[in-house]
Amino acid sequence: MTTTIYGVSGSRAIRSLWAIEEVGLEYTHVATHFFNDSKTDDYLSVNPNGRIPALVDGEVTLFESMAINLYLTKKYAPALYPMSEGEQAKAIQWSVWAISEIEPQQMQIVIQKFFNRDNIDQSTIDSATENLQRPLAVLNKHLAGQEYLLGDSFTVADLNVSGVMLLMQMIEFDLSAYPNIKNWTERCYSRDALKRAQSLG
Ligand SMILES: N[C@@H](CCC(=O)N[C@@H](CS)C(=O)NCC(=O)O)C(=O)O
């Protein structure tokens, strides 16, 4: 059986490139770019959304980084996937939370800072920054007194939430009011698997 992952590391595909490096599986990386590469007929037959990342693992074809990561860790890296049903639900909860509470707001800032450089709308940045305060306060409080989202060890919950928040690092979002988040992201981002994923094309 072959496993193929699509997407370039300088994009949101990094989330799943990181996951596949964490699970230690042999795989083929196709460095599909989010402009033209992701709109070819061949690629659209893998991900009809025309977005990266996507995964083909034998008979299973998946899009959406959070789903890919939950699948990969459950199947190939039990140490990263919680044992109990309650904890599995928590991993899904945090993954959905990151994509719905953090992602839309951080993307507003990414768009202004990277794709609208000549005509930055500061009010969009300001309101997204304001809207991020509530979820960040929730995360910071949750991380008080524990190293990782589900307790003492790094799991797919950390991979997914900190993977989404790699964009916050890129936009140099000020996390100084959230020391637990800062320390936790430093722990997550020091992992060798992330470094290997970032060095992929
Ligand atoms: N929610 C998706 C987001 C994927 C996504 O939007 N990726 C961007 C690259 S950063 C993309 O492929 N954009 C191409 C397009 O929108 O046409 C995930 O997490 O997998």
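No experiment lies behind these values; they were computed from the predicted model shown.

A. Structural context of the overall build of the protein chain. Assigned secondary structure in the protein chain consists of 9 helices and 4 strands. Counting only C-alpha atoms, the protein chain reaches 45 × 45 × 25 Å along its principal axes. Burial analysis of the protein chain (201 residues in total) assigns 49% to the buried set. The contacts in the protein chain between residues at least 6 apart in sequence include a share of 66% that link residues at least 24 apart. For the protein chain, the accessible surface area stands at approximately 10200 Å², while carbon and sulfur atoms represent 50% of it. Here the protein chain holds 16 positive side-chain charges and 24 negative ones, and the gap between their average locations is 3 Å.

B. Structural view of the packing of aromatic side chains. Summed over the entire model, instances satisfying the criterion amount to 6 aromatic pairs. With centroids separated by 5.6 Å and ring planes inclined at 65°, the aromatic side chains of Y6 and Y43 adopt a geometry described as edge-to-face. Residue Y6 is located in strand β1 (residues 3-6), and its partner Y43 is located in helix α2 (residues 41-46); the two are separated by 37 residues in the primary sequence. The exposure class of Y6 is buried, given its relative accessible area of 16%. The exposure class of Y43 is buried, given its relative accessible area of 4%.

C. The arrangement of the site of the ligand in detail. Neighbouring residues of the ligand: S11, R12, R15, F34, K39, G50, R51, I52, P53, E64 and S65. One nitrogen or oxygen atom from the side chain of K39 is found 2.7 Å from an oxygen atom belonging to the ligand. Between a nitrogen atom of the ligand and a side-chain N or O atom of E64, the distance comes to 2.7 Å. Compared with its free state, where it exposes 510 Å², the ligand has 82% of that area covered by protein. When its residues are assigned to classes, the shell around the ligand shows 3 nonpolar, 3 polar and 5 charged.

D. Region of the structure containing the pairing of β1. Residues T3 and I5 of β1 are buried on one face, and the alternating residues T4 and Y6, pointing to the opposite face, are buried as well. Note that β1 and strand β3 (residues 54-57) share 4 bridges and pair antiparallel. Following the sheet pairing, I5 is matched in β3 by L55. By the bridge criterion, 3 bridges tie β1 to strand β2 (residues 28-30) in an arrangement that is parallel. Bridge pairing in β2 places T4 opposite T28.

The rules behind each value
- Residues numbered from 1 in each chain as written.
- Predicted model: local features only at pLDDT ≥ 70, side-chain atom pairs only at ≥ 80, totals over all residues.
- Heavy atoms only, no water.
- Helix = DSSP H or I, 4+ residues; strand = E, 2+ residues; numbered from the N terminus.
- Buried < 20%, exposed > 50% of the residue type's maximum accessible area, 1.4 Å probe, protein only.
- Contact = heavy atoms within 4.5 Å.
- Areas by Shrake-Rupley, 256 points an atom, 1.4 Å probe, with all protein chains shown as cover.
- Lys, Arg positive; Asp, Glu negative; His and termini not counted.
- Charge placed at Lys NZ, Arg CZ, Asp CG, Glu CD.
- Phe/Tyr/Trp six-rings, centres within 6.5 Å; stacked < 30°, edge-to-face > 60°.
- Near = heavy atom within 4 Å.
- Polar contact = N/O pair within 3.5 Å; in protein donor to acceptor, adjacent residues only side chain to side chain.
- Nonpolar A, V, L, I, M, F, W, Y, C, P; charged D, E, K, R; others polar.
- Pairing = 2+ DSSP bridges.

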